[in-house]
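Next come the chains, spelled out residue by residue.
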2 protein chains.
Amino acid sequence: MAGSSALAPPGFPAELHAGNRERLVAALRGHLSGSARPLRGLALLQGGEEQNRHCTDHLELFRQESYFAYLFGVREPGFYGAIDIASGQSILFAPRLPPDYVVWMGEIKPLSYFKDRYKVDVVFYVDEIAQVLQDKFSEHGKALLFLLYGKSSDSGNYSKPATFEGIEKFDTDLSTLHPIITECRVIKSDMEIALMQYANDVSSEAHIEVMRQVKPGMKEYQLESIFLHHAYMYGACRHCSYTCICATGENSSVLHYGHTAAPNDRTLNDGDMALMDMGAEYSFYGSDITCSYPINGKFNGNQTIVYNAVLKAHNAVISHMQPGVKWIDMHKLAEQTILESLEKENIIHGDIGAMMARRLGAVFMPHGLGHLLGIDTHDPGGYPEGLERPKEPGLSSLRTIRELKEGMVSSYLSD
Amino acid sequence: MAGSSALAPPGFPAELHAGNRERLVAALRGHLSGSARPLRGLALLQGGEEQNRHCTDHLELFRQESYFAYLFGVREPGFYGAIDIASGQSILFAPRLPPDYVVWMGEIKPLSYFKDRYKVDVVFYVDEIAQVLQDKFSEHGKALLFLLYGKSSDSGNYSKPATFEGIEKFDTDLSTLHPIITECRVIKSDMEIALMQYANDVSSEAHIEVMRQVKPGMKEYQLESIFLHHAYMYGACRHCSYTCICATGENSSVLHYGHTAAPNDRTLNDGDMALMDMGAEYSFYGSDITCSYPINGKFNGNQTIVYNAVLKAHNAVISHMQPGVKWIDMHKLAEQTILESLEKENIIHGDIGAMMARRLGAVFMPHGLGHLLGIDTHDPGGYPEGLERPKEPGLSSLRTIRELKEGMVSSYLSD
């Protein structure tokens, strides 16, 4: 089979997550010092729980909550994690599993296993949280817990602050942690970028395999299946960053096609364009790759015009983006480049400046130009406090309008 | 590629779900008449909702709630459905989608689309529920709504009764519907069995493809990937009935291996046995197939003994099961057959009757012998009212102890 040239999956990068914790501790210390507050307290996060499907005992395959994954890299459900701001000490709390777990779910691992795997300083059981925090961190009165509570600018939903039996014995702070950890996530470390590069390499190979096999008469979902298989079989990627969008023909104009109500079920026709928007995830870090091509391998005239217009916008953005540039300007540059190409090809007529002022570009690109990418496909931090989402057509869809900084990672020309 | 002999996926079987509704109406009428209650009221169910992953805008791929799927076969999220008991009239309520749905998610389908696809009598919008139920079904005072509320004997969780704005204007009954619809689901119609046969055929082919490709040095998850790909690519099965269990070596003794904390990540060694427990789902109906084999293709002595002991139990159950037989007796037959084989091979010594009385079989088969299978892997109805779960080791894991009836479908020798 073509494409069986497996990329070697990296081992679990515990140091990456230790680095993320160090970054958070430094940021929290800087913030507290800057506000003349004492360096006391712990950041406390609650990991995700396995979910049953409705009332049944069907367990959905668990994927860790993203902030928890960022700091601890823990793949198992039911954990808590804490970081002491003064000492930098990191603590995991593991669920105490019932004896029959070993029959149904597998080995009950000792706490030392989690200490070794996740490179934290110490591990206790979840039912010991209140006692541990009280014994070790309450010398000067009640310990202070910084809990994660804040709004996602993509979903409008709020993260759920950690809760445990006995939490009322502690002081809690709900406002400090979320913006600071979110800002940490915006700037990727070299280790994070290397992991994302791997997920991108796997996805690229899988896209190429799809291109090799695509032909008229196939179903869109078969392209999804080829991608998923290639990414898992040869890249060890069990999850994707998002549901595969395998859009052909007119479906290509639907930004988030492929979900249950539009399930990649069209038959491919000779002459169709395909828009393949798929990205694998490896060890929590994702990728997001969209490519368009004619399924019979030959662009017709109109397909060439549109493809080249998008390619030109893509290249314009790449050549202009650098630290200091504002992302909203990159969005406008893409829009303008597309309008210019369409004008040149006599598809639209008029003054480009006037079109831009009237926001005509939003007709051809209703989504924002890309988004921050990381542990989430739409990684958080697009609109930190003080930055307002634009209201104008097209611009209002931008998931960020930030000034670019070294270490930011974005997808572009996709949503 | 081997195995590319695609099975032709059946079209969407709207009649199957119409048949399920007819069965429910008949059962409800019988129950009401039997209790001298008037034939009035509607069964009202709320379908599932798409879920975001934690606070993000990551949408999990939606799979319909199983009772709702049983009656209506609706794949889209956000629906309600009602069936009038007196007339048998069926009504769907579709969510009213925002105008920008068309840009992001796809075509906004007219109500007539859902009427045609799901073969119901009439379709309204969800925001019209209270009005429609009041206008059409409240001639003789408040309309009576039979809501779904009851406990799953597998998870211990309760189904969530439908709720909507204005529900306080109606009479509601929380106790009647659940046991009756659950009992309907226990006995499969010919159309249901045909669909399950298709899911089983696809899964069988996918298992065979895994057998063809398995060899030492591979990772367990690669076997999962092969199965998933084969079932989707050639069988149109986007979902599986449960997370794939690709257990090799000592992992084979873990009943529900393969989840996030034990993620099919062992490397296969020459001489290993594989236990592959995987089943595809098609149009909501599932399959559950387990097979065991040596990955190098040759059983060694001990592997032969154990394999043959299980095969003999398997054959004994198949030759004895028939309507009228109690499932708990089939479980005991399997246990006894295994103990006899092990005794004959000098692995255990003593009197089989005494072993059975002391429940020694539970050591070798800690799970129950199979379970009802359908829209859920562990289909409901194993313990209808009046039937108590046994307390003895092994028997306490039985998901049903019922007397077999024509139309019941069970997996066997698996959990």
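Each chain has its residues counted from 1, following the order in which its sequence is written. Written order decides the labels, with chains lettered from A and ligands numbered from 1. In view of the model being predicted, local features appear only for residues whose pLDDT reaches at least 70, and side-chain atom pairs are presented and counted only at 80 or more, with totals across whole chains, interfaces and linings using the full set of residues. As a rule here, side-chain values cover all heavy atoms of the structure and leave hydrogens and water aside.

1. Thoughts on the interface of chain A and chain B
Turning to step 1, where the next piece is worked out: What makes two residues a contact is simply this: any of their non-hydrogen atoms within 4.5 Å. In this complex, chain A contributes 72 residues to the contact, which on the side of chain B involves 72 residues.
Turning to step 2, where the next piece is worked out: When two components associate, each loses some accessible surface as probed by a 1.4 Å sphere; the sum of these losses over both components is called the buried area. Among the residues chain A hides against chain B, the three largest losses belong to Cys55(A), Trp104(A) and Thr260(A). Together they make up 14% of the total.
Turning to step 3, where the next piece is worked out: The residue Arg75(A) makes a salt bridge to Asp265(B) at a minimum N-O spacing of 3.6 Å.
Turning to step 4, where the next piece is worked out: By the criterion applied in these results, polar contacts are pairs of N or O atoms within 3.5 Å in which, for protein atoms, one can donate a hydrogen and the other can accept it, and in which residues neighboring in sequence qualify only through two side-chain atoms. At the junction of chain A and chain B, the tally comes to 30 residue pairs in polar contact (both at pLDDT 80 or more).
Turning to step 5, where the next piece is worked out: Each helix is a run of H or I in the DSSP string that is no shorter than four residues. Each strand is a run of E no shorter than two, and both are numbered from the N terminus. Elements with a minimum of two residues in the side of chain A that touches chain B: helix 2 (66-72), helix 3 (101-104) and helix 8 (220-233) of chain A. One speaks of a salt bridge when a side-chain nitrogen belonging to Lys or Arg is within 4 Å of a carboxyl oxygen belonging to Asp or Glu.

2. So, the sheet that holds strand 8 (residues 245-248) of chain B
All names here are of chain B.
Turning to step 1, where the next piece is worked out: In this analysis, strands are considered paired if DSSP registers two or more bridges between them. Strand order across the open sheet formed by three strands is 8-9-11, with antiparallel pairing between neighbours. Both outer strands of the open sheet, strand 8 and strand 11 (289-294), are each paired with one neighbouring strand and no more. Between one strand axis and the next, the sheet turns by 10° as a mean value, whatever way the strands run.
Turning to step 2, where the next piece is worked out: Inspection of the sheet shows strand 9 (residues 273-278) paired to strand 11 by six bridges, in the antiparallel sense. By the bridge assignment, Ala274 is partnered in strand 11 with Tyr293.
Turning to step 3, where the next piece is worked out: Each axis is a line fitted through C-alpha atoms, taken for helices only over the stretch in contact, and angles between the N-to-C directions span 0 to 180 degrees. Helix 8 (residues 220-233) contacts strand 8 and strand 9 of the sheet and is inclined by roughly 145° relative to strand 8.

3. Section: the packing of helix 1 (residues 14-34) of chain B against helix 6 (residues 177-186) of chain B
Residues and elements named next belong to chain B.
Turning to step 1, where the next piece is worked out: Contact pair helix 1 / helix 6: the axes reach a minimum separation of 10 Å and the direction vectors enclose 130°. Taken together, helix 1 and helix 6 sit at an angle that is classed as oblique. Classified by chirality, the crossing of helix 6 by helix 1 is right-handed. Every residue of helix 6 that contacts helix 1 at Arg23, Leu24, Ala27, Leu28 and His31 is listed here: Leu177, Ile180, Ile181 and Cys184.
Turning to step 2, where the next piece is worked out: Throughout, the ten residues Ala, Val, Leu, Ile, Met, Phe, Trp, Tyr, Cys and Pro are labelled nonpolar, Asp, Glu, Lys and Arg are labelled charged, and all others, Gly among them, are labelled polar. Among the residues making up the contact of helix 1 with helix 6, the classes are represented as seven nonpolar, one polar and one charged. Angular relationships are summarised with four words: roughly parallel below 35 degrees, roughly antiparallel beyond 145, roughly perpendicular across 65 to 115, and oblique for the angles in between. Left-handed describes a crossing whose near helix is turned anticlockwise from the far helix by less than a right angle; the clockwise case is right-handed.

4. Here's the deal with a nonpolar patch on the surface
Residues and elements named next belong to chain A.
Turning to step 1, where the next piece is worked out: Residues Leu97, Val102 and Ile108 make up a contiguous nonpolar surface patch of roughly 210 Å² in combined accessible area.
Turning to step 2, where the next piece is worked out: With respect to the secondary-structure elements, Val102 resides in helix 3.
Turning to step 3, where the next piece is worked out: Looking at Val102, the relative accessible area reads 44%, which means it is partly exposed. Residues enter a patch when their relative accessible area is above 30% and they make no salt bridge; the linking distance is 9 Å between like charges and 5 Å between nonpolar side chains (Val, Leu, Ile, Met, Phe, Trp, Tyr). Method for areas: the Shrake-Rupley scheme with a 1.4 Å probe, in which residue coverage is limited to the protein chains shown. Three exposure classes are used, based on accessible area relative to the maximum for each residue type with a 1.4 Å probe and protein chains only: buried under 20%, partly exposed in between, and exposed over 50%.

5. A look at the pattern of salt bridges
Turning to step 1, where the next piece is worked out: Scanning all chains against the criterion turns up 35 salt bridges over all chains.
Turning to step 2, where the next piece is worked out: A salt bridge links Asp376(B) to Arg53(A), with the shortest nitrogen-to-oxygen separation between them at 3.8 Å. Here the residue Asp376(B) occupies a position in the loop between strand 12 (371-372) and strand 13 (410-411), and Arg53(A) occupies one in the loop between strand 1 (42-46) and helix 2, the pair thus bridging two chains. With respect to burial, Asp376(B) and Arg53(A) carry one shared label: buried.
Turning to step 3, where the next piece is worked out: Note that Arg37(B) and Asp173(B) form a salt bridge whose closest N and O atoms lie 3.0 Å from each other. Of the two residues, Arg37(B) sits in the loop between helix 1 and strand 1 (42-46) while Asp173(B) sits in strand 6 (residues 171-173), which places them 136 residues apart along the sequence.

6. Brief notes about the pairing of strand 8 (residues 245-248) of chain A
All names here are of chain A.
Turning to step 1, where the next piece is worked out: The alternating pattern of strand 8 places Ile245 and Ala247 on one face and Cys246 and Thr248 on the opposite face, and all of these are buried.
Turning to step 2, where the next piece is worked out: In this structure, strand 8 lies alongside strand 9 (residues 273-278), joined through four bridges in antiparallel fashion. Looking across to strand 9, one finds that Thr248 is bridged to Ala274.

7. Some remarks on unusual backbone geometry
Turning to step 1, where the next piece is worked out: In the Ramachandran plot, Asn346(B) falls in the positive-phi region, its phi being about 65° despite a non-glycine side chain.
Turning to step 2, where the next piece is worked out: Its identity is not glycine, yet Arg359(B) carries a phi of approximately 65°, on the positive side.

8. Section: the side chain of Gln64(A)
All names here are of chain A.
Turning to step 1, where the next piece is worked out: Within the secondary structure layout, Gln64 lies in the loop between strand 1 and helix 2.
Turning to step 2, where the next piece is worked out: Here Glu76 takes part through its backbone oxygen, which lies 3.3 Å from a polar atom of the side chain of Gln64.
Turning to step 3, where the next piece is worked out: Filtering out sequence-adjacent residues up to four positions away, Gln64 remains in contact with Gly47, Gly48, Ala69, Val74, Glu76 and Phe284.

9. What to know about the relation of the copies chain A and chain B
Turning to step 1, where the next piece is worked out: Here the copies are superposed with least squares, the fitted atoms being C-alpha atoms of residues at a pLDDT of at least 70 in both. Screw-axis analysis of chain A against chain B gives a translation of 0.0 Å along the axis, an RMSD of 0.0 Å, and a rotation angle of 180°. Here the two chains are linked by the operation of a two-fold rotation axis. No C-alpha of chain A lies nearer the rotation axis than that of His229(A), which sits 2.8 Å from it.
Turning to step 2, where the next piece is worked out: Interface overlap between copies is the fraction of interface residues in one copy that are interface residues in the other; for chain A against chain B it reaches 100%, indicating a shared surface.

10. Let's talk about the sheet that holds strand 11 (residues 289-294) of chain A
Residue and element names in this part refer to chain A.
Turning to step 1, where the next piece is worked out: Spatial ordering of the open sheet is given by 8-9-11, a layout of three strands whose pairing is antiparallel. Each end of this open sheet is capped by a strand with a single partner; those strands are strand 8 and strand 11. Here the strands of the sheet are splayed against their neighbours by 10° on average, with no regard to which way each runs.
Turning to step 2, where the next piece is worked out: Sheet strands in contact with helix 8 are strand 8 and strand 9, and its direction is about 145° off that of strand 8.

11. A look at the pairing of strand 9 of chain A
Turning to step 1, where the next piece is worked out: Most of strand 9 of chain A is tucked away: six of the six residues are buried.
Turning to step 2, where the next piece is worked out: Across the two faces of strand 9 of chain A the burial is the same, with Met273(A), Leu275(A) and Asp277(A) and Ala274(A), Met276(A) and Met278(A) all buried.

12. Regarding helix 5 (residues 129-137) of chain B
In an α-helix, one turn spans 3.6 residues, which is why side chains three or four residues apart end up on the same side.
Turning to step 1, where the next piece is worked out: Every buried residue of helix 5 of chain B is listed here: Ile129(B), Ala130(B), Val132(B), Leu133(B) and Phe137(B).
Turning to step 2, where the next piece is worked out: Tucked into the core, helix 5 of chain B has its buried residues touching strand 1, strand 2 (80-84), strand 3 (90-94), strand 4 (122-125) and strand 5 (144-147) of chain B.

13. Points about the environment of Ala130(B)
Residue and element names in this part refer to chain B.
Turning to step 1, where the next piece is worked out: Along the polypeptide, Ala130 turns up in helix 5.
Turning to step 2, where the next piece is worked out: Look at Ala130 and you get buried, because its relative accessible area is 13%.
Turning to step 3, where the next piece is worked out: Distance in space between the C-alpha atoms of Ala130 and Phe164 is 7.8 Å, their sequence separation being 34 residues.

14. Notes on the side chain of Glu224(A)
Turning to step 1, where the next piece is worked out: Within the element layout of this structure, Glu224(A) appears in helix 8.
Turning to step 2, where the next piece is worked out: Of the polar contacts made by the side chain of Glu224(A), one reaches the side chain of Tyr232(B); its length is 2.6 Å.
Turning to step 3, where the next piece is worked out: In contact with Glu224(A), not counting residues within four places along its chain, are Cys244(A), Cys246(A), Asn264(A), Met278(A), Tyr232(B) and Arg238(B).

15. Details of the packing of aromatic side chains
Turning to step 1, where the next piece is worked out: Two rings from Phe, Tyr or Trp (for Trp, the six-membered ring) form a pair when their centres are within 6.5 Å of each other. A pair whose planes differ by under 30 degrees is stacked, one over 60 is edge-to-face, and the rest are tilted. Applying the stated criterion across every chain yields a total of 22 aromatic pairs over all chains.
Turning to step 2, where the next piece is worked out: Centre to centre, the rings of Tyr198(A) and Tyr282(A) are 4.8 Å apart; their planes meet at 70°, and the pair counts as edge-to-face. Linking Tyr198(A) in helix 7 (residues 190-213) with Tyr282(A) in the loop between strand 10 (280-281) and strand 11, this pair joins segments that are 84 residues apart in sequence.
Turning to step 3, where the next piece is worked out: Judged by its relative accessible area of 6%, Tyr198(A) falls in the buried class.
Turning to step 4, where the next piece is worked out: When the centroid spacing of 5.3 Å and the interplanar angle of 20° are considered together, the rings of Tyr149(B) and Tyr158(B) count as stacked.
Turning to step 5, where the next piece is worked out: Judged by its relative accessible area of 44%, Tyr158(B) is partly exposed.
Turning to step 6, where the next piece is worked out: Either the NZ atom of lysine or the CZ atom of arginine qualifies as a charge over a ring when it sits within 6 Å of the ring centre and within 35 degrees of the ring normal. The ring of Tyr67(A) has Arg185(A) sitting right over it, with the charged end atom 4.5 Å from the ring centre.

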